[in-house]
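# Examination of the molecular architecture
Here's the letter readout for the chains.
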Amino acid sequence: MRYLITGGAGFIGSHLAEKLLERGDQVVLLDNLSTGSMENIRHLKSSPQLEYHLDSIENRQLIAELVDESDVIVHLAAAVGVRLIVESPVRTIETNVNGTQMILEAAAKKRKLVLTASTSEVYGKSTQIPFREESDLVLGPTTKGRWSYAASKALDEFLALSYWKEKKVPVIVVRFFNTVGPRQTGRYGMVLPNFVKQALDNGTIDVYGDGKQSRCFCDVRDTVQAVIKLLDTERAIGEVINIGNTEEITIEGLAQRVKERTGSASKIAYIPYDKAYEPGFEDMMRRVPCVEKLEAITGFRPRTPLNEIIDRVASYLREKAALSARVVTGNLA
Ligand code: UDP
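Residues numbered from 1 in each chain as written. Predicted model: local features only at pLDDT ≥ 70, side-chain atom pairs only at ≥ 80, totals over all residues. Heavy atoms only, no water.

### Looking at the side chain of T223
- For T223, the position within the fold is in helix α8 (residues 220-231).
- Setting aside chain neighbours within four positions, we find T223 in contact with F176, T179, C218 and I243. (Helix = DSSP H or I, 4+ residues; strand = E, 2+ residues; numbered from the N terminus. Contact = heavy atoms within 4.5 Å.)

### Observations concerning the side chain of D25
- One can find D25 in the loop between α1 (11-22) and β2 (26-31).
- Beyond its immediate chain neighbours, meaning those up to four positions away, D25 contacts M1, Y3, L20 and Q49.

### Overview of the packing of helix α5 (residues 89-109) against helix α6 (residues 147-167)
- Running from N to C, α5 and α6 cross one another at 10°; their axes reach a closest spacing of 9 Å. It follows that α5 is roughly parallel to α6 by the angle criterion. Contact residues: α5 offers P89, T92, I93, N96, V97, T100, Q101, L104, E105 and A108, while α6 offers S148, Y149, S152, K153, L155, D156, L159, A160 and Y163.
- Its residues assigned to classes, the contact of α5 with α6 shows 10 nonpolar, six polar and three charged. (Axes fitted to C-alpha atoms, helices over the stretch in contact; angles between N-to-C directions. Parallel < 35°, antiparallel > 145°, perpendicular 65-115°, else oblique. Nonpolar A, V, L, I, M, F, W, Y, C, P; charged D, E, K, R; others polar.)

### Considerations on the packing of helix α7 (residues 191-200) against helix α9 (residues 251-262)
- Interhelical geometry of α7 versus α9 gives an angle of 40° and a closest axis separation of 9 Å. In terms of orientation, α7 lies oblique with respect to α9. The way α7 lies across α9 gives a crossing that is right-handed. Together, V191, L192, F195, V196, A199 and L200 of α7 and I251, L254, A255, V258 and T262 of α9 make up the contact between the two elements.
- Grouping the constituent residues of the contact of α7 with α9 by class yields 10 nonpolar, one polar and no charged. (Left-handed = near helix turned anticlockwise from the far one by under 90°.)

### Description of the site of the ligand
- Around the ligand, 19 residues are found, and the nearest of them are V191, Y208, R215, D283 and R287.
- A distance of 3.0 Å separates an oxygen atom of the ligand from a polar atom in the side chain of Q213.
- In this structure, R287 approaches the ligand through a side-chain N or O atom, which is 2.6 Å from an oxygen atom.
- When contributions to the shell around the ligand are tallied by element, the ones reaching two or more residues are α7 and β8 (205-208).
- Across the shell around the ligand, the residue classes break down as nine nonpolar, four polar and six charged. (Near = heavy atom within 4 Å. Polar contact = N/O pair within 3.5 Å; in protein donor to acceptor, adjacent residues only side chain to side chain.)

### Quick look at the layout of surface pockets
- Computed from the structure, the second largest pocket encloses a volume of approximately 360 Å³.
- Residue lining of the second largest pocket: E39, N40, R42, H43, P182, R183, Y316, E319, K320, L323 and S324, and that is the complete set.
- Within the residue set of the lining of the second largest pocket, elements represented by two or more residues are α2 (38-41) and α12 (306-329).
- The dominant element in the lining of the second largest pocket, judged by the number of residues it contributes, is α12, at five residues.
- The class makeup of the residues in the lining of the second largest pocket is three nonpolar, three polar and five charged. (1 Å grid on protein atoms, 1.4 Å probe; cavity = no way out; pocket = protein on both sides within 12 Å on 5 of 7 lines; lining within 4 Å. Points joined across faces, edges and corners; volume = space filled by probe spheres on them.)

Quick look at the structure:
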């Protein structure tokens, strides 16, 4: 099979490409390197099964050609990361909505299967824990920039489901919950790579707010396995499916855990949301997925324990630091 992965040089995209190549599929990556990087796919570039295009999801002509040549489209290209969204709301909304529209329009011509990435952010401020796919979405006001990401992704979901209902384009909508692992960068505000880096540097670990907010962290290997299983089953078509781990931890607890696992001497600091993001920033207090639907459809649910995830991220960042130290000293032998 030939898979087109938009956002293929990104964190999740590059891990997915790796797995598909491993099982012998053809993979075409499209990425504009806005948040993805060549570093993420360097180890895949020599594969004869791989083709990549450094271009925008809004290049209609190219999208039409790439979709036409592929059997399946995995649409991951999006503006991601709360920091990026707060800083560049126009880009967030336009990239997320226009990109998905472009992909669906192209896929509709020959009714190609499209798996499109949404996010747990769409549940917004809902307090109905765990979050179930059919539950209400509770977003904050439009004057608070953070919610533009959730709204843009909710619109993507409506669009994808409408293409299925009205035009019979087979679509699968997945809602990713805090996905973490090697190659994720902390540059766009994601908490785990930031905490691990701060701990390895023995700097302060910056907890935003009072640290009582909680999240569930899913290993990217589990995420990718879930995606592949969904792509391989007809039962996923026309469905919205959560992908996440259910092991919940407060952000303050995460800081403590990262400190312990890395043996760091770091101190934990508390930074008010106003300073970390923007005045009036609203956080989500709890975010726990219900993964019954994923398990019912695929027989699989993410189970990698948080400790193992932290250790993997820490060894990835240690190796990366060691490599750049060798580059600086010119000692690469
Ligand atoms: N966070 C933090 N320190 C950081 C980055 C994030 O305390 O350096 C907090 C953030 O305010 C949120 C949680 O960690 O409550 C998860 O943030 P992230 O951006 O990773 O994902 P989100 O769940 O907000 O999409």
